[in-house]
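Spelled out from the first residue to the last, the chains are:
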Amino acid sequence: PLHGKHDLQDQIAQVVLPTLARTFGADVTEMSLTRNATEALHLQSLSLALSPGDEVLITTQEHPAGHKPWMVRATRQGITVREVFIPSPLVSTEDVITRFAAEITERTRAVAFCHVTRGGHRYPVRELCAFARTRELVSLVDGAQAVGQFPIDLHDLGCDAYSASMHKWMFGPVGTGFLYIRAGARDRFIPEFVPGPATTGAEYAPPGTADFPVRAALATSLAFVERIGLENVEARCRYLSDYLKESLSGLDGCTLLSGPRERSAPGSTIFQLDGLNALESVPLLEELARTHIDEHQRDGHDAIRVSTHVYNTRTEIDRLMEGLHAARS
């Protein structure tokens with residue numbers, strides 16, 4: 001057992017973490033492995049250096065996993081958390097920046113937001129992070145729905161912290177994710193598990209024995225994605241989503257909610273269909289079209305979300321369209 005543990009740890013240190021850092025444009029010392037994005041979001045939020053009365057801005061489109069850690073800090077430590085209303089679909093990059101700028105006060109210390117929302121809206125992360133730097137604010141990003149859909153360079157984005165799951169678009173095993181803390185921002189984060197300041201990203205993660213076999217298995221999924229190329233993944237996802245959108249355009253009573261390319265994720269398509277309850281459509285379309293979809297009953301929408309990845313086909317989309325027609329008949 002001891003040799004097996006050490007072999008797996010070597011695999012993680014020598015293959016998984018360097019490949020992870022290379023894939024996402026970071027230094028290996030800035031990365032740590034987590035069980036999922038939720039754990040990483042808690043770690044990045046709870047380790048941010050804040051004092052009672054300090055303020056953090058989040059958005060109205062955050063996933064519960066990105067919302068709850070700030071509620072913990074607000075309840076226990078007197079941090080003020082305010083939501084910036086972001087319309088769905090997004091209006092423009094300038095509109096998002098303007099809405100954040102209007103909410104900043106002298107007590108604001110950080111901004112936290114999704115890279116891609118649950119509804120597939122793609123936030124202007126690079127621009128938001130650059131804006132945050134001009135105001136000396138820390139930028140924290142939830143990348144759970146972004147990694148694996150398109151190339152991401154964390155240094156280029158300029159964020160101070162980034163959290164993600166690897167079991168979604170990255171094909172990794174369930175129970176894997178990562179936390180990125182920019183080396184130049186470590187003085188703004190206080191690690192929960194070491195007595196002094198962090199010198200590597202790993203010190204922000206919980207210590208002790210981890211699920212090493214699961215984490216070592218990331219080497220396979222990372223190699224698979226690297227072999228395909230994230231540029232090709234993005235192109236394939238966008239091609240299938242565009243095909244779906246074209247098919248939906250001929251459907252009476254359909255309202256497409258996904259924005260233009262620069263404001264939407266390549267593999268996520270959301271739409272509303274008159275007369276079809278989104279929540280009820282999930283089991284219905286599984287039966288009618290042998291297709292797994294998701295509901296999007298939030299942000300004022302009664303919408304359906306379809307995720308098309310590289311392994312999906314036009315034939316499957318055609319079958320979904322047949323199921324949508326049958327669901328309304």
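Below is a short write-up of the structure. (Residues numbered from 1 in each chain as written. Predicted model: local features only at pLDDT ≥ 70, side-chain atom pairs only at ≥ 80, totals over all residues. Heavy atoms only, no water.)

**Re the packing of helix H2 (residues 37-47) against helix H3 (residues 64-77)**
Remark: H2 packs on H3, axes separated minimally by 9 Å, with the N-to-C direction vectors making an angle of 35°. Once H2 is placed against H3, the crossing between them reads as right-handed. On the side of H2, the interface is formed by Thr-38, Leu-41, His-42, Ser-45 and Leu-46, while H3 contributes Ala-65, Gly-66, Lys-68, Pro-69, Trp-70, Val-72 and Arg-73. Looking at the contact of H2 with H3 residue by residue, the classes come out as 6 nonpolar, 4 polar and 2 charged. (Axes fitted to C-alpha atoms, helices over the stretch in contact; angles between N-to-C directions. Helix = DSSP H or I, 4+ residues; strand = E, 2+ residues; numbered from the N terminus. Left-handed = near helix turned anticlockwise from the far one by under 90°. Contact = heavy atoms within 4.5 Å. Nonpolar A, V, L, I, M, F, W, Y, C, P; charged D, E, K, R; others polar.)

**Focus: the environment of Gly-275**
Within the secondary structure, Gly-275 is located in the loop between strand E9 (268-273) and helix H10 (278-289). Under the relative-accessibility criterion, Gly-275 is labelled exposed at 86%. For the pair Gly-275 and Gly-253, spaced 22 residues apart in sequence, the C-alpha separation works out to 8.3 Å. (Buried < 20%, exposed > 50% of the residue type's maximum accessible area, 1.4 Å probe, protein only.)

**Thoughts on the nonpolar core**
Counting residues in hydrophobic clusters, the biggest one holds 53 residues, and the most contacted among them are Phe-100, Leu-154, Tyr-162 and Phe-178. Excluding residues within four positions of it along the chain, Leu-154 makes contact with Phe-24, Gly-25, Ala-26, Met-31, Cys-159, Tyr-162, Phe-178 and Tyr-180. (Core = buried A, V, L, I, M, F, W, Y, C linked by side-chain atoms within 4.5 Å.)

**Regarding the sheet that holds strand E4 (residues 108-114)**
Spatially, E1-E7-E6-E5-E4-E2-E3 is the arrangement adopted by the 7 strands of the open sheet, whose pairing is mixed. In this open sheet, the two strands that pair with only one neighbour each are strand E1 (31-34) and strand E3 (80-84). Shown here is a sheet whose adjacent strand axes are inclined to one another by a mean of 20°, direction ignored. Of the strand pairs in this sheet, strand E2 (residues 55-59) and E3 are connected by 5 bridges, and their pairing is parallel. By the bridge assignment for E3, Thr-59 is matched with Val-84. Relative to the sheet, H3 contacts E2, E3, E4 and strand E5 (138-142), its axis offset from that of E3 by approximately 145°. Across the sheet, helix H5 (residues 125-134) touches E4 and E5, and the angle it forms with E4 is around 175°. (Pairing = 2+ DSSP bridges.)

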